[in-house]
Every structure is written in C-alpha cells, then in structure tokens.
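Structural description and commentary
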Amino acid sequence: MPPVSVSPGVAIEQPALTQLRLEVRAFVADAIRDGLFVPHVDTWLTRWDREFTRELGRRGWLGMVIPTEYGGQGRTFLERFVVTEELLVVGAPVAAHWVAERQIGPSLLRFGTEEQKQAFLPAISRGDVIFGIGMSEPDSGSDLASVRTKAEPDVVDGVSGWRVTGTKVWTSGGHEADAFFALARTSPLDPAHRHDGLSQFIVDLHAPGVEIRPIISMGGDHHFNEVHLDGVFIPDNRVLGQIGDGWMQVTSELGFERSGPERALSTFHLLAETAEAMQTQTLPTDTGVGRLTARISALHQMSFAVSTALQGHQNADTAAAVTKVLGTTTEGDIADYVDLLAPPGRAADDALHTLLHAAILQRPGFTLRGGTNEILRGVIARGLGMR
Amino acid sequence: MTTDTTDLSTLAVPVAADPDLVGMMTDLFTAYREARTAPDQFVVFDESLWGQLEELGLTRLTAATESGGSGASWLEGAALLTAAAGAAAPVPLVEHGFLAAWLLEQAGLPNDGALRTVALPDAQGQANSVLYGRHAAAVVALWHDGAQWRVADVPAARVTITEGHNLAGEPADTVSFEVADLGAGAVVRPEVRDEFQRRGALARSLQNVGSAERALELVLTHVNERAQFGRPIGKFQAVQHLVADIAAESALARAATDTAVARAVESDWADPGVPFAVAAAASCTGHAASVIVRNAHQAMGAIGTTLEHELHLMTKPMLARRGEFGTVHEWDETLTAMAVAAGREGLWPLVLTGTTA
Ligand SMILES: Cc1cc2nc3c(=O)[nH]c(=O)nc-3n(C[C@H](O)[C@H](O)[C@H](O)COP(=O)(O)OP(=O)(O)OC[C@H]3O[C@@H](n4cnc5c(N)ncnc54)[C@H](O)[C@@H]3O)c2cc1C
C-alpha cells in the first residue's frame, strides 16, 4: 500500500506558459503606471471595472477555455491559470468577469444548450455580459440542498417555462450583474434524496419580478445583495441543462472552483507591499514574511498541480479541498500577520494601511465563501475514508 | 488551437520518479516495518538492513557512478528517503549516501563504500550530534581552517567518540578530530558549505514528509478502529478536523519539498532558484511538523504516547530533524532576506522561480 497522501503532485511550468505570464505582467505593469487601476486586495470580489474587463477580452484573456466557435480562445485551463495568477498578484480589478469566467462559462459549455452557448459564451468572452451566483439563501448556507426557492411550471403567451419564487442572498455583485444562475427546487424535498429535485435557471436580473437590495459589508462596501425573485418567469430555454440536474451541476466544477489561484492570493499584494516596507525600513524586518512567502510558493505549486491534474481529466477533489483550506487560511494569516507588525494608522495614510485595512475587513469571508473550511475539512475526511 | 488538441506537455510536465523503483523501495521498507519488533528507547543501527540496501545499490543511490554510487537522481533519492523514514529505518542513508559521498566527490577524494557519516567540526576539531558516528568506518569532516573550507576523510581510528543520543534516540555522538587531520583535508570551493547545508536540509525535509505521511496512516487506522461512545472516534467531526489538518500540512510539505527536488534535478542544482526552493521546503516542512505532531498525538490518545507504539518513531524524528541543517527560524530568516530584497515587484517572481528575474 502506498503511503497516504492527498498531495496533488508537482508539475513544472513550461516556457510557453511562462511567456504568456510575462505578456500579462508587462500589460498590468503598464496599466498600473498609466493609472488604469490601483492595486488592491481581494479584487476578484471587490473591484468591478467593466472597461478593464473588456480590455482583457480584447487581449484574448477572457473566455480562454471557451472554444473558438463560441467566441472564446480555445486555450487550456493552465493558460487561464497563469493569466489569472498574474492579474491577482497585482490586485487588478477582475471582479466583474470573475464568476462568468470561472464557473458560468464552463457550466454553460458542459450543460448548456446550443442556443444558450451561442447566446452567452461570445459575450462572456468579450466581457460584455456579467454573471452572479444565486445559490445561498437566508436559511441555506452550508446546507445548500435545503434551498427553498421554488420553481413551478407555467405558460406565458404560449411559451412554456417556470415561475421562480424565493430569496437569494450574499449575491456578490448582483447589483452590477446582468444575470445569475439561480438554484431552485423543481420538486418537493425528499428527505431520503435531498439532492434530487434541484435545477438551475439562467435569470435575467432585469426581468420583471426581480428585486435587488444591497447588503452593506462591515467595512461600508457594497458587493453583497439580497435578490428577491417574485414569480419571475423563466422560459424553458433558460433552464440550465435538464430539470433535476441542479445538484450535479453545482458540484461538478468544484475542483476548479476550489483550487483556483484566487484561493491563496487575495492578499498577495499586501504581502508584497510588506516586503517593500521592510526593504525601505518602514516596517521592522521579521521572519514571518519569509515563512508566509514560502507557504504561498508551496500553495502556488499545489494549485498549479491540481489544475494540471484536472486538465488531464483526473479527479482531484480532495487535493482541491486541501488547497483551498490551506490557501484561504494563509491569505487570512497574511492580513493578521501584517496587523501585528504595522503601527496604527488610517487607511488614507499610505498604501500599506489601505491594503491592510481592506484585508482585515475581507478576511472573514476568505474561509467562508465557496464552502467553509469546516465543510471542506469534512470533504478531506471523506477523501481519507473517514466518512 | 482548442483545449483538446493542445499538447499539454508544452505547458506543464508532471514530475515523478521511476515508478518501478519507487514500488520496489516501498515494498522493501513496508516489509521491513512489518517485521520489526517493538520500538526501543534508542535507535539501534540495523546492520543487516544496511547490507541489504548495499546489495540493492541503495546506500549510495544518488552518488556518481565513477565513485561507486548508483548515479540516480534526487527524484529517486527522494522516494528512497521518504520510504525509509516512513519505516523508521535505522540506517544513515542521508549521512552516508547523500552527504558524505557528495563531499568526497567535491573534494576529489576516493570512496571505498565503507559506512561513513558527516561532521562539521569547530575550530578545535570537535563536532556534536554526529549521527551514527560510532558506526562509521570514517567520518567525513567539512571544516573551515580559518581561510578556506576543507573536506577530510578521517578514519574512525583517528577520532574520539563520545556516545550520545538526540531527541529521536538516534546515535548522535560527539566526535573529536585531530586538528592536523582536518587541516590535511582537500580544499573545496567556498560554496560547498552552503550547498552542503541545502542538501542536508532538503534530505531532512524529505525524511519528514515520509514520517508525516506514515503518521497520517497510523492515525487514520487508529481513528477508524478505536471506538468511544459507541462509534469509531473518526466519526466525530472534531477528530476528522484534526486528521484533515494533518493531511493538509503533509500535502503542503510535500509540495514544497518536491518542488525543490524537481528544481534541483532539472538543473543539477545549478538553477539560481534552488536556494529559495530549498529554504521554502525547510520552512514549510518545519512548520508543518508543529501541526502534524500535535494533531497526530491528540488523535491517537494516550496509547500514542507510549514507547511501545510506532507513532513516536515518526514524531520524534520529525522534531529532531527539522533543526539539523539550519533551524526553521534560520530558514525563515533566509527567506525573509530574499523576500525583502525582492520587494514589491520582485516578490511574485521569487515565489514562482526562486529568483527576482
Ligand atoms: C465574501 C462572500 C461572497 C459570497 N458570495 C456568494 C455569492 O455570490 N453567491 C452565493 O450564492 N453565495 C455567496 N456567498 C455565501 C457563501 O456561499 C456562504 O457564506 C457559505 O456557503 C456559508 O454559508 P453561511 O454563511 O450561511 O454559514 P453557515 O452555513 O450558517 O455556517 C456558519 C458556521 O457554521 C459552520 N457549519 C455549518 N454547517 C456545518 C457542519 N455541517 N459542520 C461543521 N460546521 C458547520 C460553518 O463552517 C460556519 O463556520 C458568499 C459568502 C461570502 C463570505
């Protein structure tokens, strides 16, 4: 019996990928210099910039894994991986396209109808259509299968479809988005088969019956929303895949969602700014920076290796969960670590405090979003055969 | 170009040792472990295992063939060290095969293959905690004569050994050399000192990955079998979380360590990113040991604290090893110096490649 390991292995990046990295790196360096954006933390959630997103689309850095016949670039998850890393580490404003890029596009490709693919994928690849995720509800967080949003069959003007009613919450960017995927019950909960009877709907957030209310975060930002669906009519052609497949759909792309580079890099720019502050002796030199840099380096390797495994169609669910637990913990530890070192200050004082305060305020979300670390430890335990 | 037609090998190449050789080593050490009698307080050198390893060409696996080694890469070497550590094999594979043999190669000195260990004596010629010193036919010393570094291959008959044991109960002896013997050693490049340290630290990290993965295995078996409150303790979420964190930290340690090995092997240690990668491996593995050792003992309960139980054969060496070729703190200092020199723009390239270029 080989020793127990949930390690994803090691893969070496080849020159073609490195070349792509350098192109992106040169672009963002120019963008920062030209004032297109100011580097920040957790930008994949908090920094919306449709124009920046469209610029990435023009450069071929959106829709990278979408085939060319749907307006995408027809490239690989690994190429997408290095592009997203380079954007994340400088804290570029990538929130507008993040959800569409990471999960909506791949889900549509896998489960969508031909008409849906034609309708959305080219626009996603240009950065012209922005998506949100409507999974969580006031009474359904970790226990996602308990969602109560209901969809009932209906016919409007001869068009058959569904009436969707319920409340979605924590919808990141919902107030800016054009559409979201809403997970709803299409048949009553069967306690013996809780994952059955769920379906996903592609909901136009400007449709009648949709009401979006802001939820302000503790730092005063508005990225969360509560989305009320009051009998919103969804035609059959906006059902994702088959009715009843919702659970399979929301769990099938989790490997990519969980192991992505954003799960460790939300605060990387703060770490870089801290190294800079030590170089200029604005902060005392302390070994925590080396320790955390090493950890980030190992996490980069794990995340890259999981992507390599997934690109090769291998299952990496447990390794992905491990990568996310470690990554989200570490990115939060960076915020806390810098807080232990930095003298008191105001966000407006300097870049370090701007980043630090944002990181501290965003940190609680790191280990909650996308499946909490407690839930993920359960996934790891299952992978180890304990459950 | 579409996703399914791109040749993935142009993008990323998975790195792995020869699976047949790995399988052979795993079988060998599993058999060894299963046949072993109850652990003792002190680790006793196993001469017969050493003989077996000799015959298989594993005692100097990574040493050059010209000097009698097997000429394998550190990828295979890594598999050997993790497998041996997972079986708590009481043999000086690192000291003899990875370090002494390499030092002799650097010095251009012959190697007759007799058991050797390594020492870094002080100016007076004394070295503490020399592993397996009492068993060595010769001790290879790396010594600074005040001006340059020298390597001396000193026969056991010319040193004085005072026996001792480290935290793990391994033979860790004080070796006193004649300064004249050290001074007669061959002069080596000044870089050999740091390279020696890196090889030692990476070898220790690899051993610790092997011990961590075996500790995880022991804990998993235990929590699935041990019942309290009418069910296996592994069904309790608190216990599952202890174990999940062992698995996670072990995976992190392996990622950091395997990355360093891959970078070293690809470039025969010449890649300028090797020092960062080795430091990162030592740091990640060293800090991982804190969580792994604590959680493993916690999940195992009182039985895991006994001499009779195998767990301490994993946990004690993990703690003993992590400070041996530079403390974890010193590796963090090294990494910090690199990170601070890299600064804002250089930190990310450093993370990726170990250099700021
Ligand atoms: C920044 C951010 C962005 C988000 N964006 C979106 C979005 O765009 N769309 C969307 O649909 N959702 C979004 N979410 C919601 C997110 O998916 C939920 O927060 C998450 O699933 C947890 O649900 P909850 O917050 O209701 O916490 P709960 O599920 O109530 O959990 C609270 C605590 O209890 C623990 N817990 C719960 N169940 C168990 C269990 N079985 N075992 C052990 N511990 C348990 C949890 O780990 C946690 O510590 C976002 C959340 C955050 C923080």
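In this text, all values refer to a predicted model and were calculated from it rather than measured experimentally.

The next point concerns the interface of chain A and chain B. Buried accessible area, meaning the area lost when the parts come together, often serves as the stated size of an interface. Residue-level contacts link 68 residues of chain A with 62 residues of chain B. Considering only the surface of chain A that becomes buried against chain B, Val10, Ile12 and Met386 of chain A emerge as the three largest contributors, covering 13% of it. Counting every contact that joins chain A to chain B gives 3 salt bridges. Here Asp245 of chain B ties to Arg377 of chain A by a salt bridge, and the two come within 2.7 Å at their closest N and O atoms. Counting the contacts that link chain A with chain B gives 15 residue pairs in polar contact (both at pLDDT 80 or more). The set of elements that each furnish at least two residues to the side of chain A that touches chain B consists of β1 (10-13), α1 (15-33), α4 (77-89), α10 (268-279), α11 (288-311), α12 (317-341) and α14 (373-383) of chain A. A total of 16 residues in the side of chain A that touches chain B trace back to one element, the largest contributor, which is α11 of chain A.

As a further point, take the sheet that holds strand β3 (residues 126-131) of chain B. Two pairing modes exist for strands in a sheet, parallel and antiparallel, and in both the strands are linked by backbone hydrogen bonds. All names here are of chain B. Pairing is antiparallel in the open sheet, where 3 strands are placed in the order β3-β7-β6. Across the chains shown, the open sheet's two edge strands, defined by having one partner strand only, are β3 and β6 (160-162). Averaged over all adjacent pairs, the angle separating strand axes in this sheet is 30°, with direction ignored. One ladder, built from 3 bridges, connects β6 with strand β7 (residues 172-176); its direction is antiparallel. Bridge assignment links Ile161 to a residue of β7, and that residue is Val175.

All right, on to the pairing of strand β7 (residues 210-216) of chain A then. All names here are of chain A. In the sheet, β7 pairs with strand β8 (residues 222-235) via 7 bridges, with the strands oriented antiparallel. What sits directly across from Ile212, in β8, is Val227. The hairpin turn running from β7 into β8, its antiparallel successor, is 5 residues long, and Gly220 in that turn takes a positive phi close to 95°.

In this section: the site of the ligand. In the vicinity of the ligand, 17 residues are found, and the nearest of them are Ser136, Ser142, Trp170, Thr372 and Glu374 of chain A. Near the ligand, the surrounding residues belong to chains A and B. A distance of 3.1 Å separates a nitrogen atom of the ligand from a polar backbone atom of Trp170 of chain A. Classifying every residue of the shell around the ligand by side-chain character gives 7 nonpolar, 8 polar and 2 charged.

The next thing to look at is the packing of helix α8 (residues 274-300) of chain B against helix α10 (residues 328-353) of chain B. Residues and elements named next belong to chain B. Between α8 and α10, whose axes approach to 9 Å, the crossing angle comes to 125°. By the criterion of interaxial angle, the relationship of α8 to α10 is oblique. In this structure, α8 meets α10 at a crossing whose hand is left-handed. Touching Pro275, Phe276, Val278, Ala279, Ala280, Ala282, Ser283, Gly286 and His287 of α8 are Val328, Trp331, Asp332, Thr334, Leu335, Met338, Leu350 and Val351, all from α10. Split into classes, the residues belonging to the contact of α8 with α10 amount to 12 nonpolar, 4 polar and 1 charged.

Turning our eyes to something else, we now look at the side chain of His241 of chain B. Its place among the elements puts His241 of chain B in helix α7 (residues 237-267). Residue classification places His241 of chain B among the buried residues on the basis of a relative accessible area of 16%. Only 3.3 Å separates the side chain of His241 of chain B from the backbone oxygen of Glu374 of chain A, close enough to count as a polar contact. If near-sequence neighbours (up to four positions away) are discounted, His241 of chain B is found in contact with Glu374, Arg377 and Gly378 of chain A.

What follows covers the sheet that holds strand β2 (residues 116-119) of chain B. Residue and element names in this part refer to chain B. Reading across the sheet, the 4 strands line up as β2-β4-β5-β8 and stay open at both edges, with mixed pairing between neighbours. Two strands lie at the open edges of the sheet, namely β2 and β8 (186-187), each paired on one side alone. Sheet analysis places β2 next to strand β4 (residues 138-144), joined by 4 bridges and oriented parallel. Residue pairing for β4: Thr117 is matched across the bridge by Val139. Relative to β2, helix α4 (residues 93-107) is tilted by about 70°, and along the sheet it contacts β2, β4, β5 (149-155) and β8.

Rules behind the numbers
Residues numbered from 1 in each chain as written. Chains lettered and ligands numbered in written order. Predicted model: local features only at pLDDT ≥ 70, side-chain atom pairs only at ≥ 80, totals over all residues. Heavy atoms only, no water. Contact = heavy atoms within 4.5 Å. Buried area = accessible area lost by both parts, 1.4 Å probe. Salt bridge = Lys/Arg side-chain N within 4 Å of Asp/Glu carboxyl O. Polar contact = N/O pair within 3.5 Å; in protein donor to acceptor, adjacent residues only side chain to side chain. Helix = DSSP H or I, 4+ residues; strand = E, 2+ residues; numbered from the N terminus. Pairing = 2+ DSSP bridges. Axes fitted to C-alpha atoms, helices over the stretch in contact; angles between N-to-C directions. Near = heavy atom within 4 Å. Nonpolar A, V, L, I, M, F, W, Y, C, P; charged D, E, K, R; others polar. Parallel < 35°, antiparallel > 145°, perpendicular 65-115°, else oblique. Left-handed = near helix turned anticlockwise from the far one by under 90°. Buried < 20%, exposed > 50% of the residue type's maximum accessible area, 1.4 Å probe, protein only.

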